[in-house]
Number of protein chains: 2
Amino acid sequence: MNAEIISVGTELLLGNTVNTDTTIIARELSRLGINLLFTGTVGDNPARLDFTIRQALSRSDLVITTGGLGPTGDDLTKETIAKAAGKKLVFHEESFRRIQEHLAGREMAESEKKQAYLPEGCTVLKNNVGTAPGCAFETDAGKLVMMFPGPPSELIPMLRDYGAPYLLKRENAAIVSKNIHVFGLGESRVAELIADLTEGSNPTAATYAKECEMFVRVTARAATEQEAEALCQPLADKITARLGDVVYSTQADSLEELVVRELSARGLKLATAESCTGGLLAKRITDIPGSSDVFEMGAVTYANRIKTMVLDVPEDMLERHGAVSEEVARAMAEGIRRKAGSDLGIGITGIAGPGGGTPEKPVGLVYIALSDGKETYVRRMSGTGRPRSREYQRTAASSNALDMVRRWLEGKPVLP
Amino acid sequence: MNAEIISVGTELLLGNTVNTDTTIIARELSRLGINLLFTGTVGDNPARLDFTIRQALSRSDLVITTGGLGPTGDDLTKETIAKAAGKKLVFHEESFRRIQEHLAGREMAESEKKQAYLPEGCTVLKNNVGTAPGCAFETDAGKLVMMFPGPPSELIPMLRDYGAPYLLKRENAAIVSKNIHVFGLGESRVAELIADLTEGSNPTAATYAKECEMFVRVTARAATEQEAEALCQPLADKITARLGDVVYSTQADSLEELVVRELSARGLKLATAESCTGGLLAKRITDIPGSSDVFEMGAVTYANRIKTMVLDVPEDMLERHGAVSEEVARAMAEGIRRKAGSDLGIGITGIAGPGGGTPEKPVGLVYIALSDGKETYVRRMSGTGRPRSREYQRTAASSNALDMVRRWLEGKPVLP
């Protein structure tokens, strides 16, 4: 099945909004094994929308639209598609009731009622977050059409709960995916290492880049979920074994999620002392709901004076070695651990740039220390190599700190 | 002039990468007063790329492509467009030398040389960040074609430094834009308030949403920059005056940039104590290069024990009022200010969710305090209203804290 996505909305053409809808649907189609050949965006203009939809219906088996289902006069997607596909729009009682419920007592404007008119004979895709329902139907020419609302907060649950199951049911298929999350090896290097394992068509394996890390997605398709699972798992295991300990999880979606979950399971507590990352590590840990069980204290100690006052980093150490040094990173990790009375302490000091670099200590040089009360491990990020943005440096440093904690938790070497 | 953008790359169709290139170019075209009517994405497939490009050349005056200029066999954009436009690719000596320089001694692979072949008679758009140059040329049918590399880190400077000036020069025009940044009023409310000021065609004024805030962009077009400036400024001033003190800047691009710059200019220092925002405020402040001049210390005090130990928040206050209370926010702001010896101290305590809410203290309730040593101001974010994500709550709380500081700095009322 060949698919095409059409996003509708003048705001996308003005650069007001990044089109994440297309990416979200593209990734889901890829998971479902459906080929996406074209995507396009068109403004709230009936003639150009009509042209684009007719072209899509003529060349693709599945046409998915996002946006233009709302109550305003600009919202023309349904009307235009229905006309192009030769379908009438009919009043859908249940959707009308659901819109009423969503408005929670507020009177429904005349314009809002039009959201309850849907192509005759369609399958309604319920909107549990907003007012505009989506829909799916087959044209007389056998083409499949699906319409989703534009706001990602409405699109994402509708696609997950109704859209993807609709597509799977039509094909009597089940899909199982597993993500293998990797930190410490780049996407292209991983692709090389597992090249022979990514050639199959079922299960498939594909590499994806993420900020400062990557993941491999293994997807299998079968008649039932159990069969798909049985196809998927062996390849996922093989890839995990091949990649070794750079794989940090096949369950958690991020290093911080894994670290918070594992610390919590063992009743361990962590404290952080950050200089160049300026609170980013604490922020990432506390992004995770329930992090209060494992994280009690973080310190952002930018000034040397504060490193000494809050973390007991000796003044003469700062003078002798400089704030960006292995010694100071150690002292920060040990200091915050003592101060917070936690099981683990992390210290990060480095030069995030763009200013502040010297030939001996270039931008990008970062020392990260992890203290467990017995030993203090230090990882050094080199400041040489190609220049990266301040944001990248800070993200990479905080990811390295989380990676050290997860290695420590797994009893693996906390690599320098 | 009607424009169309075509993004080339199978990775976009697999949902591997969000297409930010299109948004970046769309926004720039909007600023330049060029109508964007269509955007599309097509994979690394010669037949479909050829079809898409020929269609674009037939219906649009300006066709802009992104991606597919690199050294691999997949990179087909130049070849396909040149063929569709009837242009030969010719060797471009200077681009070849620039690629060599970029490789810094590493030998150039045969495949990399093809990046130096460009459509005959084109204007080369230099790549100061990567190897693949962009280009711009006019077809025999009078259509304008521009090609940019896919990575945003290469596209953004090329568009700004060579792409936009090329378009402006062709039209003998200059463009001046001013952004009016607003915190504390939503985009739709601002659009209502300035509706009568957004109707003109030169200068134009348009509203844009940003995370937890918005901005108005005023753009004027004229023969020279001075004339454009003279057209732009009066409308910008009018809008700024109309909106009043919710406008935080027409210079700085973010609240944190403004706050760091203004604190620095006055030699003032700030310290932060965060609970529910978990380091996000410190992270945002230290995102700004040079923040070390104004920010010496941040504390992330999740546990009550730590609030008492680090910030001297009285234990009985925590017991009586709870950690999420006006009293504790005050004590945190005053405590961190004393501890750090800074001019200003901020304390944030609240319930970011999704768990932890009660009927009296719902998810989203946040108290933010700002202490200047004489007075302590408190702003309360209500936890009622429609539910928001943890991320939104935390961003909004940190933005409110920054807004309080900028109001204090400007001598304006630090609204509750």
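Residues numbered from 1 in each chain as written. Chains lettered and ligands numbered in written order. Predicted model: local features only at pLDDT ≥ 70, side-chain atom pairs only at ≥ 80, totals over all residues. Heavy atoms only, no water.

Threshold: UniProt positions are given in the numbering used here, feature names are shortened, and annotations may be inferred rather than shown by experiment.
Labelled according to an unreviewed UniProt entry, chain A appears under the name Putative competence-damage inducible protein, originating from Candidatus Gallacutalibacter pullicola. On record in UniProt, under Sequence similarities (unreviewed entry), the comment for chain A is "Belongs to the CinA family."

### Quick notes on the sheet that holds strand E12 (residues 247–249) of chain A
All names here are of chain A. Convention followed: Paired strands, in this sense, are two strands between which DSSP finds at least two bridges. Counting from the N terminus, the helices are DSSP H or I runs at least four residues long and the strands are E runs at least two residues long. Only C-alpha atoms enter the line fits that serve as axes; for helices the fit covers just the stretch in contact. Angles between N-to-C directions range over 0 to 180 degrees.
Spatially, the four strands line up as an open sheet ordered E10-E11-E9-E12, and their pairing is antiparallel. In this open sheet, the two edge strands, each paired with only one partner strand, are strand E10 (204–210) and E12. The average undirected angle you get between the axes of adjacent strands in this sheet is 35°. Pairing of strand E9 (residues 174–182) with E12, which is carried by two bridges, proceeds in the antiparallel orientation. Its bridge partner being in E12, His181 is matched across the sheet by Ser249.

### What about helix H4 (residues 77–85) of chain A?
Residues and elements named next belong to chain A. As a reminder, the rule being used: Burial status follows relative accessibility: with a 1.4 Å probe on protein chains alone, a residue under 20% of its type maximum counts as buried, one over 50% as exposed, and anything between as partly exposed.
Burial analysis of H4 places seven of its nine residues in the buried class, which makes it a mostly covered element. Within the span of H4, buried status applies to Thr77, Lys78, Thr80, Ile81, Ala82, Ala84 and Ala85. Positive phi shows up at Gly86, right after H4, with a value of about 70°.

### A few points about the domain arrangement of chain A
A common way to express how large an interface is: the accessible area buried when the components associate. All names here are of chain A. To keep it simple, the criterion reads: Residue ranges for the domains trace back to a domain assignment, done automatically or taken from a database. Residues are treated as being in contact if the distance between any of their heavy atoms lies within 4.5 Å. Values labelled buried area give the accessible surface lost by two parts on being combined, using a 1.4 Å probe and summing over both.
Assigned domains within chain A: domain 1 (2–171), domain 2 (174–249) and domain 3 (255–410). Between the C-alpha centres of domain 2 and domain 3 there is a distance of 31 Å. Taken together, the contact between domain 2 and domain 3 spans nine residues of the former and 13 residues of the latter. Note on domain 2 versus domain 3: buried area summed over both sides is about 880 Å², and carbon and sulfur give 54% of it. When residues of domain 2 are sorted by the area they lose upon contact with domain 3, Phe183, Cys212 and Tyr248 head the list and together hold 64% of the total.

### Let's talk about the interface of chain A and chain B
Here is the rule we go by: What counts as a salt bridge is simple: a side-chain nitrogen of Lys or Arg found within 4 Å of a carboxyl oxygen of Asp or Glu. Any pair of nitrogen or oxygen atoms within 3.5 Å is treated as a polar contact; in protein, a donor-acceptor pairing is required on top of that, and neighbouring residues in sequence qualify only through side-chain atoms on both sides. Three classes are used: nonpolar for Ala, Val, Leu, Ile, Met, Phe, Trp, Tyr, Cys and Pro, charged for Asp, Glu, Lys and Arg, and polar for all others, with Gly counted as polar.
Listed by partner, the interface residues are 60 residues for chain A and 60 residues for chain B. When residues of chain A are sorted by the area they lose upon contact with chain B, Leu13, Glu296 and Tyr302 of chain A head the list and together hold 12% of the total. For the pair chain A and chain B, the interface holds four salt bridges. Its salt-bridge partner being Arg394 of chain A, residue Asp287 of chain B comes within 2.7 Å of it at the nearest N-O pair. At the boundary of chain A and chain B, one finds 28 residue pairs in polar contact (both at pLDDT 80 or more). Looking at the side of chain A that touches chain B residue by residue, the class counts come to 27 nonpolar, 22 polar and 11 charged. Bridge count for strand E2 (residues 35–42) of chain A against strand E2 (residues 35–42) of chain B is five bridges, and the pairing is antiparallel. Directly across from Thr41 of chain A, in E2 of chain B, lies its bridge partner Thr39 of chain B.

### As for the relation of the copies chain A and chain B
Where we set the bar: The fit set for superposing copies consists of C-alpha atoms from residues with pLDDT of at least 70 in both; the fit itself is least squares.
Rotating chain A by 180° about the axis while translating it 0.1 Å along that axis superimposes it on chain B, leaving an RMSD of 0.2 Å. A rotation of that kind, with that shift, is consistent with a two-fold axis. No C-alpha of chain A approaches the rotation axis more nearly than that of Gly40 of chain A, which lies at 2.0 Å. Both copies contact each other with a shared surface, as 100% of the interface residues of chain A are interface residues in chain B too.

### Focus on the sheet that holds strand E11 (residues 213–222) of chain B
All names here are of chain B. One open sheet accounts for four strands, arranged E10-E11-E9-E12; its pairing is antiparallel. The sheet is open, and its two borders are formed by strand E10 (204–210) and strand E12 (247–249), each paired with just one other strand. Strand-to-strand, the axes of this sheet are offset by a mean angle of 35°, without reference to chain direction. For strand E9 (residues 174–182) and E11, the ladder comprises nine bridges, and the chain directions are antiparallel. Counted as the bridge partner of Lys178 is Val218 from E11.

### A word on the pattern of salt bridges
Across all of its chains, the model carries 56 salt bridges over all chains by this definition. Note that Arg284 of chain A is salt-bridged to Glu256 of chain A, the shortest N-O span being 2.8 Å. Of this pair, Arg284 of chain A sits in helix H11 (residues 280–286) while Glu256 of chain A sits in helix H10 (residues 255–265), placing them 28 residues apart in sequence. Neither Arg284 of chain A nor Glu256 of chain A differs from the other in exposure class; each is buried. The partner of Glu296 of chain A in a salt bridge is Arg305 of chain B, with the nearest N and O atoms 2.3 Å apart. Of this pair, Glu296 of chain A sits in strand E14 (residues 295–301) while Arg305 of chain B sits in helix H12 (residues 304–311), on two different chains. We classify Glu296 of chain A as buried; its relative accessible area is 15%.

### Observations regarding unusual backbone geometry
Glycine aside, negative phi is the norm for most residues, and most peptide bonds take the trans geometry. Residue and element names in this part refer to chain A. Residue Asn202 is joined to Pro203 through a cis peptide bond whose omega torsion reads 5°. Structurally, Pro203 can be placed in the loop between helix H8 (187–193) and E10. Going from Gly353 to Pro354, the amide bond is cis rather than trans, its omega being 0°. Positive phi values are uncommon outside glycine, yet Asn172 reaches one of about 50°. According to the relative accessible area criterion, Asn172 is exposed, its value standing at 64%.

### Some words on the nonpolar core
What tends to happen in soluble globular proteins is that the nonpolar side chains get buried as a cluster. How we decide: Here the nonpolar core consists of buried residues drawn from Ala, Val, Leu, Ile, Met, Phe, Trp, Tyr and Cys, with membership extended through side-chain atoms lying within 4.5 Å.
Ranked by internal contacts, the top residues of the largest apolar core, which has 37 residues, are Leu263, Ile346, Ile348, Ile368 and Val405 of chain B. Of all the secondary-structure elements, those providing two or more residues to this core are helix H10 (255–266), helix H11 (280–286), strand E15 (344–350), strand E16 (366–371), strand E17 (376–381) and helix H15 (390–409) of chain B. Tallying contributions element by element places H15 of chain B first for this core, with seven residues. Looking at which domains feed residues into this core, each of domain 2 (174–249) and domain 3 (255–410) of chain B supplies at least three. Residues in contact with Ile368 of chain B, not counting those within four places in the same chain, are Ala329, Ile346, Gly347, Ile348, Tyr377, Val378, Arg379, Met381, Ala397, Asn400, Ala401 and Met404 of chain B. Counting 36 residues, the second-largest nonpolar core is a separate cluster that includes Leu270, Leu281 and Val414 of chain A together with Tyr302 of chain B.

### Here we look at helix H7 (residues 152–170) of chain A
All names here are of chain A. Here is the rule we go by: Take the seven residues that end at a residue and the seven that start at it, fit an axis to each, and the angle between those axes is the bend at that residue.
The largest bend along H7 reaches roughly 50° and is located at Leu159. Those residues of H7 lying buried are Glu154, Leu155, Pro157, Met158, Leu159, Gly163, Ala164, Tyr166, Leu167 and Leu168. The inward-facing, buried residues of H7 contact helix H2 (20–32), strand E3 (62–66), strand E6 (123–125), strand E7 (134–138), strand E8 (144–148) and E9.

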